[in-house]
Amino acid sequence: MKATASGPSPAPPRRIGTPRDPGADLSRVPWGWDLRALRAVEGIRAATAFALVILAHEWLGRPALLYMAMATFFTCLCDVGGPIRFRVPALLAFTLLGAATWAGFGLLREAGLAVVLPLAFAGLFCLGFSRVWGPGATVVGNILAIVLIIAANQPLSGQEALEIGGMFLAGGLWATLLTMVVWRLHPYRPARTAVAECWRRLATLAADQRRLLQAGEASTAVWDAHSRAHRRAVREEIEHARVIVLDLVNMRGRLSLRGSQALLRLEACDQIFGSLIALSDLLEGMRDPARLRAAETLLRVVRPMLVVLADAIETDVAVRPPVLDRAAGRALAAAQGDPLLRPLAEAIIERLRIAARLSTPGGYLPGGPVGAAQAQPWRERVLGPLRANLTWQSAILRHALRIAVIGAPSLALTLDYGAQFAHWLPITVVVTLQPFFAVTWQRALERIGGTVLGGLVGALLAYFVRAPLELAAVLFPLCALAFGARQVSFTAWIAGITPVVVVLMELIHPGHSSWEVAALRALFTLAGGLLAVIGCLLLWPSWEPGRMRRERRAALAAHADYAGAVLSEIIGETPFGGAEAARRAAGMATNNLEASITRALQEPRGSRRPEVSRAILVDSILRRIAGRLSALRHDPAARMALTAVEGAAWRSWITASLRGLAEGEGPVPPRPAPPLEAALLDPLARIARQIELLEGALRRPAAEAA
């Protein structure tokens, strides 16, 4: 081990981040493929629902069954997962609204553009505004907008509208029945998988800590990059798993045995995360060879334990106690002689044993009522978000209006142009536009790249596979792959779904060349993507710096609360564990700030704005303050040495200083008197120096910051 070797600091491995694991470089768009998010069974289920209807169409020769197949396809797209009591109403609402939209706009098409376009404008606005009700409503709104555009391109007689509307209802109900009743996936598997992924993220964090120790003396910038990459990823994963687990628990009303297991393991994972953050703070800049060797041994032993436990959680098998005990013994022995490492090692091992044996941490009582807030009345759930966003300051309101203003004219252009596949232009506009420019730009690039790649694959398949039954059979693996890769990345999803569209068009319009279909789809996608980006730039843009300033203030306030909670723990005013909620809130606030910084860096002149540079510095400083606070929580010397009077004084100063900086108030007040115990001088002084550095960064003139 080269714990004391000198030389250049090690650089973290460069890679493309994913939405769930963005990486350390905030300037890089996280559009990598997360292959661990591949869901083969979900893909096969959706493909079965779709392909069976297509095969029935080929066998029976009923053209109307194609509309049932499209409704099945769209309904599967609307299923974003979660509790069945939320999914079923969403799918049924889509089925009813989709049938009415297709039949209604098909009938109105004969009335001319003067009637269709105002209604399309209003419909696109309402569907874009539906994102106020969350991700599920956003998806339903987007798919209904696609249905509206396709329907407006196809005039229908009364009998045709009735038949197509009935087929759409049948397709939506068939997909809902198959996914919600006939072929329900294991209800606990998503929760187990999500919790197991949290433990794997912890193992990755521990492995990178060990890498830094082995490589030598890492600089502050390298430790900052480590913190930004791994803390953000772990916190995102834990909160993602928390939503899934709580949805499962709330669906069943009271905690079942498996529900309590998932919550216990998730809580233990979060507490180990806090201990590893404290370990990072302890090791940064450490020069003691003995402590570095002990920490390297501890991490070398802990990482495989985290991986073994993750595998056991996902496969639902028990960890063998002798294996756990031997590894725990080695970890504790490595830290036994170090007064700072020992409490961290003990905390990590204790939580590992809790997760493996399902003991009860911190007085948590499984089987009790769910500790979540009571659900709001449905009127408040529906009307509350509407009222909150009916203001010009709402990014969602401006986004919905932008969709209507760009989408309706592009729809008019395609209706007047009359090309067979021109509706892909307004469809691309609607699904590419996002409330913020950076996200729209990323979505446009991903959609164009995925369409070109998928179009080539689809054209090749349709060129070599000619018979209708063979084309129908090819749709099954294509659809399974596309739906299975839906969470891998948006590019993967578009690349997978485009061959499905090309082959389906070959079935519906057999006279067209597959290469022509692929080329037209790519052309209209490129044009629609450019329209979306230009529209987002010119029409009431929601620029990120204003939002970033709000996220910065929220992060400062959250860290003020965390500091107050930690010092209240240390001086005995609250029991140990009382700061966990504040630690979680501080981590989430920092993640939100970093996500805002990433979006700001993708905007024009983003990297040259002084607000962005200032926010990056604030983010790094807050990560260091959080690490120091975590280390203080696990320092027994601090708990014994800090008096109530000293602790209250430092708590008041730290919280007042951070809140003052958050609100942009006057200068930071003078530090309180240093503690009498020498062991506390450095920890508290380091926090004070970071706060004073924060003050300098936030008070710096804009020209100097640039």
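Residues numbered from 1 in each chain as written. Predicted model: local features only at pLDDT ≥ 70, side-chain atom pairs only at ≥ 80, totals over all residues. Heavy atoms only, no water.

1. Some remarks on the overall build of the chain
Step number 1: When helices and strands are tallied, the chain shows 26 helices and zero strands.
Step number 2: Taken across its 706 residues, the chain has 55% of its residues classed as buried.
Step number 3: At a minimum sequence separation of 6, the contacts of the chain that also span at least 24 residues come to 80%.
Step number 4: Total accessible area computed for the chain in this model is approximately 29,800 Å², and 62% of it derives from carbon and sulfur atoms. (Helix = DSSP H or I, 4+ residues; strand = E, 2+ residues; numbered from the N terminus. Buried < 20%, exposed > 50% of the residue type's maximum accessible area, 1.4 Å probe, protein only. Contact = heavy atoms within 4.5 Å. Areas by Shrake-Rupley, 256 points an atom, 1.4 Å probe, with all protein chains shown as cover.)

2. Concerning unusual backbone geometry
Step number 1: Phi angles above zero are rare outside glycine, and Trp540 is one such case at about 45°.
Step number 2: Of note, Trp540 is situated in the loop between helix H19 (514-538) and helix H20 (544-570).
Step number 3: Trp540 gets classed as partly exposed once you look at its relative accessible area, which sits at 29%.

3. Focus on helix H5 (residues 135-152)
Step number 1: Taking 1.5 Å of rise per residue, the 18 residues of H5 would be expected to cover 26 Å, and the 26 Å separating its terminal C-alpha atoms lies within 8% of that figure.
Step number 2: Taking burial as the measure, the 18 residues of H5 include 14 buried ones, the bulk of the element. (Expected span 1.5 Å × (residues − 1).)

4. Digging into the side chain of Ser620
Step number 1: Structurally, Ser620 can be placed in helix H22 (residues 610-633).
Step number 2: With relative accessibility at 8%, the residue Ser620 sits in the buried group.
Step number 3: With residues near it in sequence (within four places) discarded, Ser620 still touches Asp224 and Arg228.

5. Observations concerning the pattern of salt bridges
Step number 1: Applying the stated criterion across every chain yields a total of 34 salt bridges.
Step number 2: Across the pair Glu296 and Arg210 runs a salt bridge whose closest N-O atoms are separated by 2.5 Å. In this pair, Glu296 sits in helix H10 (residues 289-315) while Arg210 sits in helix H7 (residues 189-215), placing the two residues 86 residues apart along the sequence.
Step number 3: With a relative accessible area of 24%, Arg210 lands in the partly exposed category.
Step number 4: Across the pair Glu346 and Arg342 runs a salt bridge whose closest N-O atoms are separated by 4.0 Å. Note that Glu346 and Arg342 are positioned in helix H12 (residues 341-357) at a spacing of four residues, about one turn of the helix.
Step number 5: In this structure Arg342 comes out as partly exposed when scored by relative accessible area, which is 28%. (Salt bridge = Lys/Arg side-chain N within 4 Å of Asp/Glu carboxyl O.)

6. Observations concerning the environment of Arg357
Step number 1: Tracing the backbone through its elements, the reader meets Arg357 in helix H12.
Step number 2: Since its relative accessible area comes to 43%, Arg357 is described here as partly exposed.
Step number 3: C-alpha separation for the pair Arg357 and Gln261, spaced 96 residues apart in sequence, amounts to 9.7 Å.
Step number 4: In this structure Arg357 touches Pro321, Leu324 and Asp325, once residues within four positions along its chain are discounted.

7. Quick word on the environment of Glu646
Step number 1: When you line up the elements, Glu646 lands in helix H24 (residues 644-663).
Step number 2: Put simply, Glu646 and Pro675 are 29 residues apart on the chain and 6.3 Å apart in space, counted from C-alpha to C-alpha.

8. Digging into the confidence of the model for the chain
Step number 1: Residues with a pLDDT of 70 or more make up 86% of the chain, whose mean pLDDT is 82.
Step number 2: Overall, residues 1-12 carries pLDDT values under 50, and its contacts beyond four positions in sequence, including any with other chains, amount to 30 contacts.
Step number 3: With pLDDT under 50 throughout, residues 701-706 is counted as low confidence; its partners more than four residues away or in other chains account for eight contacts. (pLDDT = per-residue confidence, 0-100.)

9. Considerations on the packing of aromatic side chains
Step number 1: Tallying each qualifying case throughout the model produces 10 aromatic pairs.
Step number 2: With a centroid separation of 5.4 Å and 50° between ring planes, the pair formed by Phe50 and Phe73 is classed as tilted. One end of the pair, Phe50, is in helix H1 (residues 40-60); the other, Phe73, is in helix H2 (residues 65-78), and 23 residues separate them in sequence. For the pair shown, Phe50 and Phe73 are each scored as buried.
Step number 3: Ring geometry for Trp650 versus Trp653: centroids 5.8 Å apart, planes at 80°, classification edge-to-face. You can see Trp650 and its partner Trp653 sitting in helix H24, three residues apart, about one turn around the helix.
Step number 4: Assessed through its relative accessible area of 5%, Trp653 is described here as buried.
Step number 5: Site record: aromatic cluster; members linked through ring pairs are Phe50, Phe73, Phe74, Phe483 and Trp493.
Step number 6: One residue, Arg486, lies across the ring of Trp493, its end atom 5.8 Å from the ring centre. (Phe/Tyr/Trp six-rings, centres within 6.5 Å; stacked < 30°, edge-to-face > 60°. Lys NZ or Arg CZ within 6 Å of the ring centre and 35° of its normal.)

10. What to know about a nonpolar patch on the surface
Step number 1: Together, Val452, Leu456, Leu460, Tyr463, Phe464 and Trp515 line one region of the surface with nonpolar side chains, adding up to about 620 Å² of accessible area.
Step number 2: The dominant element in the nonpolar patch, judged by the number of residues it contributes, is helix H16 (residues 437-464), at five residues.
Step number 3: Residue placement: Leu456 occurs in helix H16. (Patch = residues over 30% accessible without salt bridge, like charges linked within 9 Å, V, L, I, M, F, W, Y side chains within 5 Å.)

11. Quick word on helix H6 (residues 158-182)
Step number 1: If you check H6, its first and last C-alpha atoms are 34 Å apart, about what 25 residues at 1.5 Å a residue would give, namely 36 Å.
Step number 2: Taken together, the buried positions of H6 are Ala161, Ile164, Gly165, Met167, Phe168, Gly171, Gly172, Ala175, Thr176, Leu178, Thr179 and Met180.
Step number 3: Close packing links the buried residues of H6 with H1, H2, helix H3 (84-108) and H5.

12. A short note on the packing of H1 against H6
What describes two packed helices is the angle between their axes and the distance between those same axes.
Step number 1: Packing of H1 against H6 leaves a shortest axis separation of 10 Å and a crossing angle of 145°. Once H1 is placed against H6, the crossing between them reads as right-handed. Between H1 and H6, the residues in contact are Arg45, Ala49, Leu52 and Val53 and Trp174, Leu178 and Thr179, respectively.
Step number 2: For the contact of H1 with H6, a count of residues per class yields five nonpolar, one polar and one charged. (Axes fitted to C-alpha atoms, helices over the stretch in contact; angles between N-to-C directions. Left-handed = near helix turned anticlockwise from the far one by under 90°. Nonpolar A, V, L, I, M, F, W, Y, C, P; charged D, E, K, R; others polar.)

13. As for the packing of helix H21 (residues 580-601) against H22
Step number 1: Running from N to C, H21 and H22 point in directions that differ by 160°, and their axes come no closer than 10 Å. With respect to H22, the element H21 is oriented roughly antiparallel. Classified by chirality, the crossing of H22 by H21 is left-handed. When H21 is examined against H22, the residues Glu580, Arg583, Thr590, Asn591, Leu593, Glu594, Ile597, Ala600 and Leu601 are found in contact with a partner set consisting of Val612, Ala615, Ile616, Asp619, Arg623, Ser630 and Arg633.
Step number 2: Grouping the amino acids of the contact of H21 with H22 by side-chain chemistry returns seven nonpolar, three polar and six charged. (Parallel < 35°, antiparallel > 145°, perpendicular 65-115°, else oblique.)

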